[in-house]
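# Examination of the molecular architecture
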Amino acid sequence: MQPAVREEPSLPVVRRSLAFELVLVVIVAFATFVPGVTKYSLVDPWETHYGEVARTMLQDNDFVHTEWRGTYVGGMTDNEGFRSKPVLMFWLMAAGLELTGVATDGGYSGEMTETGTVMLAIRLPFIVCAVCGLVLVWWMLARLVSRRLAWLTLLVVGTTPMFCLIARNAIPDMPLVACTMGAIALFVMAAEDGERPFSRIATFWRGKLTIDARHVTFALVGFVVLIQAAYYLVYFATTQNLGVRGIGFPPAVWLPLLMVVVLAALSHDGWLLVRIPFVLIGGIVAAIKNDPLPYRQPGQSMWRHAFDDILGTWDRRAADRYVVRALVFPFVWASGQSWAETDAVAHRIVRLEPITTMRQLYLLGCYTLLGVSILAKGPPGITVVGLVCTLYVVLFARWRALYDGMFELKRAIVTIIVVAIPWHIAMYLKDGKGFINEYVYQHILNRAASGVDNSEGTFARLAGGVGGYTSIMGHGMYLWAALLPAALAVAFARSDRTTREGRVRFVMVLWAITAVALFCLVETKFNHYFLPAIPPLAIVVAFFLDDIVAGRERLHPVMAALGAGIVLLVTRDLMFEPERWIEMFVFRYDRPWPSAEPYRIDVSDAFLGLGLAGVVALVAASTRYRRLGVALIGAVGFAICVWALQIYMPIAGTHWGMRDASRIYYQQRTIYGEKRVYFGAGQCVDHLARKSNQWSFETMIPDTLYLGQPMTVTVQVNKASDFRSPVRSLAMNGTATSIGDHSVTITVPPAEHAKLEGFVEECRKEVAAYPAALKAYKATSAEDKKSGKARPPEGLRGRRPVDFVDADVLIAYQLYWRGENFWSGGEIWGPLLEQRTAFPNPDNKEFNKYINDPSRARPGRRYFMLTDTGRATAAKGILPSQRAKDTYQVLDMTSNKFAISAF
């Protein structure tokens, strides 16, 4: 795939030392990003909004359907759902929670606030993504240019504030960017070091078994696809509620089977099998034409004889070849050639060559990452990489290579489809047209073309101003932004396409220009949308630093002065508006930094010190002590990264997250017992027929709980078809006889427990009467059924039982952040009407209904109110009674955004 210019010899394979340095890269990256990740709350709204979707997956044991249960406008029957993002980040979060043993089956009451492991579990998978992206870029540059450049790239990209801060923030942008980085790195490797045989990985049993890069690549691709296929098989075999009806053949069969078939099409033999209907038609034509079939050669396996000789002969007359020949004939004829010439064109278009070189494996890895990027955040990744690859073909005049199939476009299409599309199909089967309308039209097409959430117009962000993409570039890159003007100028001058280093640099510049242009053209412009442009810009800076160290270039004093000015301007902005860093990855840009009383957090001295150190380093790099200057620049860049992660974010995270306020509720609430609600008499019999007098439930243990505390166990049976219709209930008094780390056991005295037998007996009678009632209903006339005179008997089993802690209630009052759902473990928006205590609407209609309804809000109990800090005091005025107002107190205002009160 290299252009016809002067070439260096193929790269020597240096294994041991390169592998050692790769391990060192991983260690350095994790050592930079992981420490302190649990020191501050998940940041609202994105981390907790997405985290609640992942927690709900674990609660429902459903890893297809993305669900956020809650209300946006305040209606108690609302269920907003979640269709704005694809599924990868929720899989990552759910995996992190599972691996750390947090939120099993959705988690116990209060678990989300109890342990800092929650923050580690949610964020660690995104750190892993960032490290993988860095490792792939490092490896590509170390192989193709130099290890010094690779380490400088790791330094610049990894310490860029926007990159390192978002690396440990659970939003989909980092998985997207990591896939983009890896795809570009593998594409460049294919272009520059692809025309060689497979790399040998290991040998076993005295050389009888050899593992090479081909096996590893196919194993990774197969894992990504087959683990999805296996889950969809089980999922659709056990899922009844589908949004698409009348699809005939069950999706539990056809969807996994289709995935396996498409995956097989990545190989030469599998491609023939996928095209077998056309090939069999070709066999008939070959028989009519009396085409000779080669004999089986000595030592040739029957498999190879069948595919290479028999199917290969039929393939030359396959039906799809003639279709392609007919389509391309007008173009061939216009160029002065005959029908016979179309055969060669059709051969290149239809045939899939066997995998024989590293180039093909690199490209297969590239396209797999592009498929994963779609699962991460939709089209942006494939758009950026696609544009870079297109410009590469155009500017390097690689048309012949494209025609010859050197870019493996057929495998690209197959790979991206089999990796990314199945989940979209599964989600459509689950949600129907609602998924297409919201996900595709609103959140993909409208974001790109029309804008959402009052976003600024096409080039408004590029033009600068508050939050402009030019200012985001400055604030997000800080010290490294100061070197961008000089680095870009040198990059254009030194992108010599006759050398490998020049071509690699040229592709990095293409990547940077393409990413910046694309995200400035997209109509919706949030600050974090610019992240995909940060790595290529940082890599261009790393090339420039490498030039300085090697003596190929110098930082001219004029450029150093310009860079110093940039650093000072950015420093001034950050001194007076330190929230600009955290606003790089939050949705609301109108929330103030905690600079007013009683917080008075002032980080301006730190920014000033870092900025002045950066200026000194830039000046030093412009002198004859250029290597010392580069070392100083690197040290300051690393110091900025460490300060951002270890000091800035713990400060900011306290005020952009509501974990501390939510935790106070679980620490101070009083627990009155446990409540279990069954849907249908059948559930009651199933669960309670042999129940002992000891009842256990899990919860964060509050400070108010003690052994011997009176507790009540409430059992309730609702209609199977309606969670709002209780049929019967029973309350049994007992005491707390055991308190574990996060569990409570209630012992009910025999006299109280005896009541349960009568309760269950009523359910047994209903179960016994059900067959006769159902038979009677079936015997009624169709007219009575249609008119409603005859109704089917109520079912015996409905949705899953609801088991929750009967305790003081947490109310989310006029909150729009979404974190309140996550930190409460979904308890403020449970399936029962009495559990729905989130009231975002400022008109207070639903809140007043709740607080004045004694069946939902029991008089005499304590109520905790989680709200914005600005509303914490004013909320006292809307309480329904003088007693509530007299007992109202603000418990915590540690955050300048979230407060918790009680009355």
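The structure presented is a predicted model; accordingly, all values stated were derived computationally and were not measured.

Here is what the cut-offs are and how they apply
- Starting afresh in each chain, residues are numbered from 1 along the sequence in its written order.
- With pLDDT at 70 or above as the cut-off, local features in this predicted model cover only qualifying residues; side-chain atom pairs require 80 or more to be listed or tallied, and sums for whole chains, interfaces and linings still use all residues.
- Hydrogens and water are ignored here; the side-chain numbers use all heavy atoms of the structure.
- Only DSSP runs of H or I covering at least 4 residues are called helices, and only runs of E covering at least 2 are called strands; the numbering of each starts at the N terminus.
- Contact definition: two residues touch when any of their heavy atoms are within 4.5 Å.
- Think of a polar contact as two N or O atoms within 3.5 Å of one another; within protein, one of them needs to be a possible hydrogen donor and the other a possible acceptor, and neighboring residues in sequence only count if both atoms come from side chains.
- To pair, rings of Phe, Tyr and Trp, with the six-membered ring standing in for Trp, must have centres within 6.5 Å; the planes then decide the type, stacked if under 30 degrees apart, edge-to-face if over 60, and tilted in the middle.
- Relative accessibility decides the category of a residue: with a 1.4 Å probe and only protein chains considered, values under 20% of the type maximum give buried, values over 50% give exposed, and everything between is partly exposed.
- Criterion for a charge above a ring: Arg CZ or Lys NZ at most 6 Å from the ring centre, at most 35 degrees from the ring normal.
- Side-chain atoms within 4.5 Å link the members of a nonpolar core, which is a set of buried Ala, Val, Leu, Ile, Met, Phe, Trp, Tyr and Cys residues.
- In this description, one arc is meant: the one made by directions from the helix axis to the C-beta atoms.
- Strands were regarded as paired on the criterion that DSSP finds at least two bridges between them.
- Values of pLDDT, which run from 0 to 100, indicate the predictor's confidence residue by residue.
- For helices, the fitted line uses only the C-alpha atoms of the stretch in contact; every axis is such a line through C-alpha atoms, and the angle between N-to-C directions lies from 0 to 180 degrees.
- The rule is simple: put a 1 Å grid over the protein atoms alone, call a set of points where a 1.4 Å probe fits but cannot get out a cavity, call an open set with protein on both sides within 12 Å along at least five of seven lines a pocket, and count a residue as lining if it has an atom within 4 Å of a point.
- Grid points are joined across faces, edges and corners, and a volume is the space filled by probe spheres set on the points.
- In this count, Pro and Cys sit with the nonpolar residues alongside Ala, Val, Leu, Ile, Met, Phe, Trp and Tyr, while Asp, Glu, Lys and Arg are called charged and the others, Gly among them, polar.
- Exposure above 30% relative accessible area and the absence of a salt bridge qualify a residue for a patch, where like charges join within 9 Å and nonpolar side chains (Val, Leu, Ile, Met, Phe, Trp, Tyr) within 5 Å.
- For accessible areas, the Shrake-Rupley method is used with a probe of radius 1.4 Å. Any residue's cover is judged against the shown protein chains and nothing else.
- Throughout this description, the term salt bridge denotes a Lys or Arg side-chain nitrogen within 4 Å of a carboxyl oxygen of Asp or Glu.

## Structural notes on the environment of D547
If you trace the backbone, D547 turns up in helix 24 (residues 534–550). Taking the C-alpha atoms as reference, D547 lies 9.6 Å from A487; in sequence the two are 60 residues apart. Those residues in contact with D547 that lie beyond four places of it in its chain are V490, R494, R505, R552 and E553. At 2.8 Å, the side chain of D547 and the side chain of R552 are in polar contact.

## Some points on the packing of aromatic side chains
Counted by the stated rule, this structure contains 41 aromatic pairs. A ring pair is formed by F396 and F506, whose centres lie 5.5 Å apart and whose planes are at 85°; its orientation type is edge-to-face. Here F506 lies in helix 23 (residues 500–521) and F396 lies in the loop between helix 17 (380–395) and helix 18 (399–403), a separation of 110 residues in the sequence. Summarising the burial analysis for this pair, F396 and F506 share the class buried. Here the aromatic residues W46, Y50, F82, F90, F526, Y529 and F587 are joined through ring pairs into a cluster of three or more. Over the face of the ring belonging to F506 we find R497, whose NZ or CZ atom lies 5.1 Å from the ring centre.

## Side note on the nonpolar core
Counting 236 residues, the largest nonpolar core has F33, F163, W581 and I811 as its most contacted members. Those residues in contact with F33, other than ones at most four positions away along the chain, are I127, A130, V131, L134, G158, F163, C164, A167, R168 and L645. F697, V713, I746 and L756 belong to the second largest nonpolar core, which has 25 residues in total.

## Quick notes on helix 22 (residues 484–494)
Residues of helix 22 that are buried: L484, A486, A487, V490 and A491. For helix 22, the angular spread of the buried residues around the axis is 160°, confining them to a single face. With respect to the buried face of helix 22, the exposed residues turned more than 90 degrees away are F492 and A493.

## Things to note about the pairing of strand 8 (residues 802–807)
Burial of strand 8 is extensive: five of the six residues sit out of reach of the surface. Inspection of the sheet shows strand 3 (residues 671–679) paired to strand 8 by six bridges, in the antiparallel sense. Looking across to strand 8, one finds that G673 is bridged to D806.

## Side note on the environment of A150
Within the secondary structure, A150 is located in helix 6 (residues 147–159). The class for A150 is buried, based on a relative accessible area of 0%. Between the C-alpha atom of A150 and that of L134, which follows or precedes it by 16 residues, the distance is 9.6 Å. Aside from chain neighbours lying at most four places away, what touches A150 is W138, L141 and A142.

## Things to note about the confidence of the model for the protein chain
When the pLDDT values of the protein chain are averaged, the result is 90; 95% of them are 70 or greater. In this model, residues 2–7 is a region of pLDDT below 50 whose contacts with residues beyond four sequence positions or in other chains number 18 contacts. Overall, residues 457–467 carries pLDDT values under 50, and its contacts beyond four positions in sequence, including any with other chains, amount to 28 contacts.

## Concerning the side chain of D193
Inspection of the secondary structure puts D193 in helix 8 (residues 173–193). Side chain to side chain, D193 and R196 meet in a polar contact 3.1 Å long.

## As for the sheet that holds strand 3
An order of 4-7-6-5-3-8 is seen for the six strands of this open sheet, with the pairing classed as mixed. Since the sheet does not close on itself, it has two edges, and those belong to strand 4 (694–698) and strand 8, each with one partner. Direction aside, neighbouring strands of the sheet carry axes that sit 30° apart on average. Contacts from helix 30 (residues 681–688) reach strand 3, strand 4 and strand 5 (710–718), with the element oriented near 125° to strand 3.

## Brief notes about empty space enclosed by the protein
Within this structure, the stated rule accounts for two cavities of 30 Å³ or more. The space that makes up the largest cavity amounts to roughly 310 Å³. Taken together, 21 residues form the lining of the largest cavity, with F804, V805, A807, V809 and E834 sitting closest to its centre. At the level of secondary structure, the elements contributing two or more residues to the lining of the largest cavity comprise helix 29 (659–668), strand 8 and strand 9 (809–813). Looking at the lining of the largest cavity, the element that brings in the most residues is strand 8, giving four residues. Roughly 30 Å³ of internal volume is contained in the second largest cavity. What lines the second largest cavity is F187, V188, A191, E192, Y392, R503, V504 and V507. Those elements giving two or more residues to the lining of the second largest cavity turn out to be helix 8 and helix 23. Each residue belonging to the lining of the second largest cavity can be placed in one class, and the counts come to six nonpolar, no polar and two charged.

## Brief notes about a nonpolar patch on the surface
Together, L391, V394, L395, W399, L402 and L409 make up a nonpolar patch on the protein surface, roughly 510 Å² of accessible area in all. Among the secondary structure elements, those contributing two or more residues to the nonpolar patch are helix 17 and helix 18. With three residues, the single largest contributor to the nonpolar patch is helix 17. Looking at where V394 falls in the secondary structure, it is placed in helix 17. By relative accessible area, which is 40% here, V394 ends up partly exposed.

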